[in-house]
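Summary of the model geometry
Next come the chains, spelled out residue by residue.
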Amino acid sequence: MEKVLVLDFGGQYKELIARTIRSLKVYSIIKPGTISVEEIKKIAPIGIILTGGPQSVYLEKSVKPDPAIFELGIPILGICYGMQLIAHMLGGEVSGEGAGEYGQFNVLPTREWALVTDKFGVHNAKPFKALMSHRDKVVRVPAGFVPTSHTDTCIASMDNHHKKIYGVQFHPEVSLTQGGKQIIQKFLYNICEARGDYKLGNFIKGIIKELKDSIGDKKVLLALSGGVDSSVCAALLSKAIPNQLTCIFVDHGFMRQGEGDEVEQVFSNMDLDFIRVNAQSRFLRKVEGVEEPETKRKIIGEEFIRVFEEAAAKLGDIPFLAQGTIYPDIVESGGAHGATIKSHHNVGGLPDNLKFSKLVEPLSSLFKDEVRKIGKRLGLPDFLVNRQPFPGPGLAIRVVGEITKEKLDTLREVDAIVRAELDKLSKKPNQYFAVLTNTKSVGVKGDDRVYDYVVAVRAVVTTDFMTATYMKIPYKILDTIVNRITSEIKTVSRVVYDVSSKPPSTIEWE
Ligand code: XMP
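**Description of the packing of helix 5 (residues 200–215) against helix 11 (residues 368–377)**
Their axes nearest at 11 Å, the elements helix 5 and helix 11 cross at an angle of 80 degrees. The pairing of helix 5 with helix 11 is recorded here as roughly perpendicular in orientation. Judged by residue contacts, L200, G201 and I204 of helix 5 engage E370, K373, I374 and R377 from helix 11. For the contact of helix 5 with helix 11, the per-class residue count stands at three nonpolar, one polar and three charged.

Laid out in structure tokens, this is it:
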């Protein structure tokens, strides 16, 4: 399969670049910007993209690629810091003087431009808006290059069409740049001469064959949480090595309404051994009287390991451990592929003393959106494939303070109402749920004064879950949610809507 190599210089959009390339049917991989030219030759990419980055190229300590990459004859596109690297390393000039540009700016093409015009020599490019995010800028292009566009303050792009080296100061990978995706497409198809052979269907066949070859007739164990990654991992393995996979699903009792049974129903019908460990009362005993959130997380994490260990021990020796590691996990950990056993579902790490001769990570080259697509193709139901993120310790950190069975049951019912009503929105929040606060409040139901729980509804809009804003839910929907909760749930007297954003508040309450 043809590949495009994304060399990472610390830019925040590296994964977006790699995903955009894949969405254009060309496989992409991300590597640190400093890898050697020998390693690049082994990868044999059809094109290289240099990402943005936070540093200044003219400083001694700034990260730079092996200068020999410019002699490989492989087409190169530098974005932002990437363009400045090209200029600086090939004899042009980059300066930090003058004003920066942060936001959308007008880019004016000044001559024929290979990444924008359809046919070379035909100047049909019009001004367009592009996302800029820089202070440094190229003030003189290197010999052999021509500036192809500018904004009011900077050279916005440059080409050396003869050497197939291109730079753009703006970010074509974000939707705030008009026609940005087409620029990447032109780089891939017109410059790198890609065929576009990355198709998810073929890729699934490839993974299944690889799994068959590497596992043979051995047995594989998987800790299944019911989250997207471990579920798709299980579905793929059951296709590749039917009846050789055992999934252990630890039900800690902090799942949402009906969730444990739904997971069991889906996986019981596949060609795998599904073991559900019902450890609800065991977990509840462990967290009895505990109020502090981090202590709850720690106790649940440790107990998860114990339960998993005990269930695995009963199975005898299983040589392979499968994990739903996905590509961003590997990119974020600096490319340490398969080096460590990933902490399961953030509940806790799997025990070190479990002896496996090999880790199997069939999703390790895929992005989340691709994992969801594969799940869909393998016939997994929508509720599993399009699940919103759900914390490993589950509802235990959504019952504020001390946890009891009664509180958990109440929260499950309230949460089901919140999700059902918000699911009706055409544009759903990215995460939405209910929280059982540890406050009681007076209310009046019928002719009776009641003193019952206050529940909070949380619905946030976010792309990265690092920052988030509360969703401005239509009042009509809020009214329905409140009416349903206070009428249908006996022990709730009041509903509040959480209008705080992150930061300073977090998405979860604990
Ligand atoms: P916060 O509350 O930190 O949450 O704004 C950010 C995202 O992380 C999820 N989250 C967790 N996920 N184990 C998990 O697996 C946890 O202990 C945990 N705590 C928070 C949260 O749901 C949100 O998506």
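**Notes on the sheet that holds strand 14 (residues 273–278)**
Strand order across the open sheet formed by five strands is 14-13-12-15-18, with parallel pairing between neighbours. In this open sheet, the two strands that pair with only one neighbour each are strand 14 and strand 18 (358–360). Between one strand axis and the next, the sheet turns through 25 degrees on average, direction left out of account. Bridging between strand 13 (residues 245–251) and strand 14 involves six bridges; their strand directions are parallel. Each residue of the ladder has a partner; that of D251, found in strand 14, is N278.

**Description of helix 5**
Compared with the 22 Å implied by 1.5 Å per residue over 16 residues, the 22 Å span of helix 5 between its first and last C-alpha is a close match. Taken together, the buried positions of helix 5 are occupied by L200, F203, I204, I207, I208, L211 and I215. Around the axis of helix 5, the buried residues are gathered within 140 degrees of arc, so they sit on the same side. Projecting away from the buried face of helix 5 at angles above 90 degrees are the exposed residues K205, K209, E210 and D213. Where helix 5 is buried, its residues meet strand 2 (27–32), strand 12 (220–223), helix 6 (228–240), strand 15 (320–322), strand 18 and helix 11. After helix 5 finishes, the residue G216 shows a positive phi value of roughly 60 degrees.

**Thoughts on the site of the ligand**
In the vicinity of the ligand, 14 residues are found, and the nearest of them are R297, Q431, K502, I507 and E508. In this structure, an oxygen atom belonging to the ligand sits 2.7 Å away from a main-chain N or O atom of I507. About the coverage of the ligand: the protein hides 80% of its 500 Å² of free accessible area. A class-by-class count of the residues in the shell around the ligand yields six nonpolar, five polar and three charged.

Cut-off values and rules
- Once a new chain begins, its residue numbering starts again from 1 and follows that chain's sequence as written.
- For this predicted model, a pLDDT threshold of at least 70 governs which residues receive local features, and a threshold of 80 or more governs which side-chain atom pairs are given and counted, while totals over whole chains, interfaces and linings are taken from all residues.
- Based on all heavy atoms of the structure, the side-chain values leave hydrogens and waters out of the count.
- Interaxial angles span 0 to 180 degrees and are taken between N-to-C directions of axes, which are lines fitted to C-alpha atoms, for helices over the stretch in contact.
- Here a helix means four or more residues in a row that DSSP labels H or I, a strand means two or more in a row labelled E, and each is numbered from the N terminus.
- Here the word oblique covers every angle except those under 35 degrees (roughly parallel), over 145 (roughly antiparallel) and from 65 to 115 (roughly perpendicular).
- Contact definition: two residues touch when any of their heavy atoms are within 4.5 Å.
- Here the term charged refers only to Asp, Glu, Lys and Arg, the term nonpolar to Ala, Val, Leu, Ile, Met, Phe, Trp, Tyr, Cys and Pro, and the term polar to all other amino acids, Gly among them.
- Strand pairing is assigned whenever DSSP detects at least two bridges linking the two strands.
- In a helix, the anticipated span is given by 1.5 Å times the number of residues less one.
- We call a residue buried when its accessible area falls under 20% of the maximum for its residue type, exposed when it is over 50%, and partly exposed in between, using a 1.4 Å probe and counting protein chains only.
- The directions considered for the arc run from the helix axis to the C-beta atoms.
- For this purpose, a residue is taken to be near a molecule or strand whenever a single non-hydrogen atom of the residue falls within 4 Å of it.
- Residues adjacent in sequence count toward polar contacts only when both atoms are side-chain atoms; beyond that, a polar contact is any pair of N or O atoms within 3.5 Å, and within protein one must be able to donate a hydrogen and the other to accept it.
- Each accessible area is a Shrake-Rupley result for a 1.4 Å probe, and residues are judged covered by the shown protein chains and nothing else.

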